[in-house]
Amino acid sequence: MYVNENIIKFISSQLKKPTTFDEQIEILKNRNLIIEDEDFARKILKGINYYYITGYLYNFKKVGTDYYIENLTFNYIYRIIKFDMRLRSIFLYAMEMIERNLKTTIAYHFSHNYPEGNISYLYDRDFNDKKKHSTFIEYINKNIENNEDLPFIQHHKVNYQGYYPIWVAIEIFTLGNLENFYSLLNTKVQKIIAREYDCSKAQMENWIESVRRFRNMLAHDTRLYNSKVIFTPLKKKECNITTNKIFDYVLVMKHLMLDKEEWDNRVILDIKNIFEEFKTDIDIKCIGFPENWEEILKNNSSLSNSI
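Residues numbered from 1 in each chain as written. Predicted model: local features only at pLDDT ≥ 70, side-chain atom pairs only at ≥ 80, totals over all residues. Heavy atoms only, no water.

Student: Can you help me understand the side chain of His109 in this one?
Tutor: With respect to the helices, strands and loops of the structure, His109 is situated in helix α5 (residues 74-111). Given a relative accessible area of 10%, His109 falls into the buried group. Of the polar contacts made by the side chain of His109, one reaches the side chain of Glu196; its length is 2.7 Å. Sequence-distant contacts of His109, that is, excluding residues within four places in its chain, are made with Val189, Ile192, Ile193 and Glu196. (Helix = DSSP H or I, 4+ residues; strand = E, 2+ residues; numbered from the N terminus. Buried < 20%, exposed > 50% of the residue type's maximum accessible area, 1.4 Å probe, protein only. Polar contact = N/O pair within 3.5 Å; in protein donor to acceptor, adjacent residues only side chain to side chain. Contact = heavy atoms within 4.5 Å.)

Pasting the structure below:
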């Protein structure tokens, strides 16, 4: 690839220059952040990108300035980051179970409701949107190529000429692939799958997109605390709770996690324990959680059943 040195130099001149850890500390101090222990701050900056940390500081700026509010400390921001990390791990655990449920449910009902249901996903014969199906298959083939070292991929390549039944192929589907695949299915099968989650076809489509968006936030370490979400999930029933924060996505996770006992006794408990551990540092409203969040999210709650 031809490289124009003048263009590189020009672009570089327009961007901020790299700074040392000590310079980063000075910048933060000059912006009114209290650094209690510079050695500790330097240690954290070596492990957590300065740019990442300033993302958490953004909401603490005085309006219209680059200066932070009075009495804001580095250690406090670090505690918020640790809270996010711990909370993220809980949601990733639940997301893994949800993704497993979705793959199993979709593969099962597809295979039992389409002719040659084991491999008919490969052909546009049974799909109305031929162009969308073609794009979908391109992604699946790329996923197979990227995962060719997996034992089950090798097994089917050697023994079945590289044909993968839907219950095999779906193992390398991303949530984006699942979202697209569900949208390709005929209405009858979409409704059958949606009934497994006690929701409508429209809600199911919306919910898969919701968890796909949230999964991306979690996977890419996007800030959760004080973060707004731009996509509004559909509610199961009439409900006034829309926070435009991650609580909206957590509500969807509750509906999509089929193991209700694990949700109530593991996920809810872990969230509760983290809230207790960080209670002096966080405001749960900054992630959209209302005071009665536990009652709303628990499956055996009369309030949650009305949502």
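Student: Looking at this model, I keep getting lost on the packing of α5 against helix α12 (residues 247-256). Mind explaining?
Tutor: Each pair of packed helices gets described by two things: the angle between the helix axes and the distance between those axes. The contact between α5 and α12 brings their axes to 10 Å, and the two run at 45°. Compared by their axis directions, α5 and α12 come out oblique. The handedness of the crossing between α5 and α12 comes out as left-handed. Residues Phe91, Ala94, Met95, Ile98 and Asn101 of α5 form the contact with α12, whose participating residues are Val250, Met253 and Leu256. Grouping the amino acids of the contact of α5 with α12 by side-chain chemistry returns 7 nonpolar, 1 polar and no charged. (Axes fitted to C-alpha atoms, helices over the stretch in contact; angles between N-to-C directions. Parallel < 35°, antiparallel > 145°, perpendicular 65-115°, else oblique. Left-handed = near helix turned anticlockwise from the far one by under 90°. Nonpolar A, V, L, I, M, F, W, Y, C, P; charged D, E, K, R; others polar.)

Student: Please clarify how the packing of aromatic side chains should be interpreted in this entry.
Tutor: What characterises a pair of aromatic rings is the spacing of the ring centres plus the angle enclosed by the ring planes. Under the counting rule described, the total for this entry stands at 20 aromatic pairs. Summarising the aromatic geometry, the rings of Phe110 and Phe127 are spaced 6.4 Å apart at their centres and angled 10° between planes, so their arrangement reads as stacked. Residue Phe110 is located in helix α5, and its partner Phe127 is located in the loop between α5 and α6 (130-146); the two are separated by 17 residues in the primary sequence. Residues Phe110 and Phe127 agree in their burial class; the two are buried. Three or more aromatic residues joined by ring pairs form one cluster here, namely Phe83, Tyr225, Phe247, Phe275, Phe278, Phe289 and Trp293. (Phe/Tyr/Trp six-rings, centres within 6.5 Å; stacked < 30°, edge-to-face > 60°.)

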